[in-house]
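Descriptive structure summary
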Amino acid sequence: MIIKILGSGCKKCIALGENAKAAAAAAGIDAEFVKVTDIADIAAAGVMHTPALMVDGKLVSSGRVLSPEDIAKLL
């Protein structure tokens, strides 16, 4: 599973990445985490608001920091 965190690297983006790692670990999921900070790549993914979360190429959240529990439901 590939989980991408899209954003500029701000505090909210970092929090979303940490929550995603916690959710995957709690669920026992072996995932590869990728940070996407290039504005062109973020826009190409259709993201209008960051931070954003993609799971296996599918945009599942944009513009908010999800809790580990909310992320676990999306995995």
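Preceding this paragraph is the structure being described.
Residues numbered from 1 in each chain as written. Predicted model: local features only at pLDDT ≥ 70, side-chain atom pairs only at ≥ 80, totals over all residues. Heavy atoms only, no water.

With respect to the pairing of strand β2 (residues 32-36)
Walk down a regular strand and you will see the side chains alternate between the two sheet faces. The condition is simple: Any two strands with at least two DSSP-identified bridges between them are counted as paired. Every helix listed is a DSSP run of H or I at least four residues long, and every strand listed is a run of E at least two residues long, numbered separately from the N terminus. Think of it like this: strands point away, you trace from the first strand over the helix to the second, and a clockwise trace means the crossover is right-handed.
Of the strand pairs in this sheet, strand β1 (residues 2-6) and β2 are connected by five bridges, and their pairing is parallel. Note on β2: the bridge partner recorded for Lys4 is Val34. Remark: the β1/helix α1 (residues 11-27)/β2 crossover connection has right-handed handedness.

Brief notes about the side chain of Ser61
Our working definition: Contact between two residues is taken to exist if any of their heavy atoms lie within 4.5 Å; hydrogens are not considered.
Here Ser61 is to be found in strand β4 (residues 58-62). Sequence-distant contacts of Ser61, defined by excluding residues within four places in its chain, comprise Pro51, Ala52, Leu53 and Leu66.

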